[in-house]
Amino acid sequence: MAARSVKARRIAWFAVLGVAVLLTVMCVSLVFAAFRNDSAIESHLGTANATVESVAFDRTIIQYQTPDGIVHSPATGVLYPSGLAAGQLVAIEYDATNPDLTRVAGRTATLTLLPVGMTVLITWLVAGPLLWWLRRLIKRDRSAAEPAKAGRS
């Protein structure tokens, strides 16, 4: 019975570690992607005024016109949209070679550092003590099983 308990706790330990590492890798990837997007925008910088069409949890949709007269409305929304409201007119910067890659003017990837950093910090503040506690239970169960094995020999 104790062997099952140790095995279940080891599985739980690896599951907690896996989830924490996965969240950390995703957050770091998000920061790198934000800096890469900013680099793409800055290398082919275009500017325009856009109208905020809708604001939702997962994206803020804008509509703007490029100098060639084409109206764009990026399906993925605008980068760094905090504080925008539907109907608002906002200055944007976009990648002239890919007009669907847009950001609010003056905002950069550094805005992702605080929320992503907090997510990583909270993840490890929860996972660290949980991993420590599970490891302690595993060691306790193993040490309790050792005298039982020695007594049977």
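It should be emphasised that the depicted structure is a prediction, and the values quoted were computed from it without experimental measurement.

Let's shift gears to the pattern of salt bridges. What the rule picks out here adds up to six salt bridges. A salt bridge links Arg9 to Asp141; the nearest nitrogen and oxygen atoms lie 2.2 Å apart. Residue Arg9 is found in helix α1 (residues 2–43), and its partner Asp141 is found in helix α2 (residues 113–152); the two are separated by 132 residues along the sequence. Residue Arg9 is classed as partly exposed on the basis of its relative accessible area of 23%. Of the residues examined, Asp141 reaches a relative accessible area of 11% and is grouped as buried.

Another point: the environment of Gln63. Relative to the helices and strands, Gln63 resides in strand β2 (residues 60–65). Assessed through its relative accessible area of 35%, Gln63 is described here as partly exposed. With ten residues separating them along the chain, Gln63 and Glu53 place their C-alpha atoms 6.7 Å apart. In this structure, Gln63 is in contact with Asn49, Ala50, Thr51, Glu53, Val71, His72 and Ser73, ignoring residues within four places of it in sequence.

What follows is about the layout of surface pockets. Approximately 310 Å³ is the volume attributed to the largest pocket. Looking at the lining of the largest pocket, the element that brings in the most residues is α1, giving four residues. The residue makeup of the lining of the largest pocket, split by class, is ten nonpolar, three polar and no charged.

Of note in this structure, Tyr80 is not a glycine but carries a positive phi near 60 degrees. Tracing the chain through its elements places Tyr80 in the loop between β3 (71–72) and β4 (89–95).

For strand β1 (residues 45–55) and β4, the ladder comprises seven bridges, and the chain directions are antiparallel. Bridge pairing links Thr47 to Glu93 in β4. Of the strand pairs in this sheet, β1 and β2 are connected by five bridges, and their pairing is antiparallel. Looking at β2, one finds that Thr51 is bridged to Gln63. Once β1 ends, the chain turns through four residues before running back antiparallel as β2.

Right, let's get into the side chain of Thr102. Take Thr102: it is sitting in strand β5 (residues 98–104). Apart from residues no more than four positions distant in its own chain, Thr102 is found in contact with Ile41, Ile62, Tyr64, Pro74, Gly77, Val78, Leu79, Ile92, Glu93 and Tyr94.

Our focus in this paragraph is the sheet that holds β3. Spatially, five strands are ordered β3-β2-β1-β4-β5 in an open sheet, and the strand pairing comes out antiparallel. If you trace the sheet from one side to the other, it starts and ends with β3 and β5, each paired once.

Time to look at a nonpolar patch on the surface. A contiguous nonpolar patch, built from Leu114, Met118, Leu121, Ile122, Leu125 and Val126 and spanning about 600 Å² of accessible area, is present on the exposed surface. Considering the arrangement of structural elements, one finds Leu121 in helix α2.

Counting eleven residues, the largest nonpolar core consists of Ala48, Ala50, Val52, Ile62, Tyr64, Val78, Leu84, Val90, Ile92, Tyr94 and Val104. Elements with a minimum of two residues in this core: β1, β2 and β4. The contact partners of Ile62, leaving out residues within four places of it in the chain, are Ala50, Thr51, Val52, Glu53, His72, Ser73, Pro74, Val78, Ile92 and Thr102. Formed by eight residues, the second largest nonpolar core is a distinct cluster that contains Val6, Trp13, Ala20 and Ile138.

Rules and cut-offs
- Residues numbered from 1 in each chain as written.
- Predicted model: local features only at pLDDT ≥ 70, side-chain atom pairs only at ≥ 80, totals over all residues.
- Heavy atoms only, no water.
- Salt bridge = Lys/Arg side-chain N within 4 Å of Asp/Glu carboxyl O.
- Helix = DSSP H or I, 4+ residues; strand = E, 2+ residues; numbered from the N terminus.
- Buried < 20%, exposed > 50% of the residue type's maximum accessible area, 1.4 Å probe, protein only.
- Contact = heavy atoms within 4.5 Å.
- 1 Å grid on protein atoms, 1.4 Å probe; cavity = no way out; pocket = protein on both sides within 12 Å on 5 of 7 lines; lining within 4 Å.
- Points joined across faces, edges and corners; volume = space filled by probe spheres on them.
- Nonpolar A, V, L, I, M, F, W, Y, C, P; charged D, E, K, R; others polar.
- Pairing = 2+ DSSP bridges.
- Patch = residues over 30% accessible without salt bridge, like charges linked within 9 Å, V, L, I, M, F, W, Y side chains within 5 Å.
- Areas by Shrake-Rupley, 256 points an atom, 1.4 Å probe, with all protein chains shown as cover.
- Core = buried A, V, L, I, M, F, W, Y, C linked by side-chain atoms within 4.5 Å.

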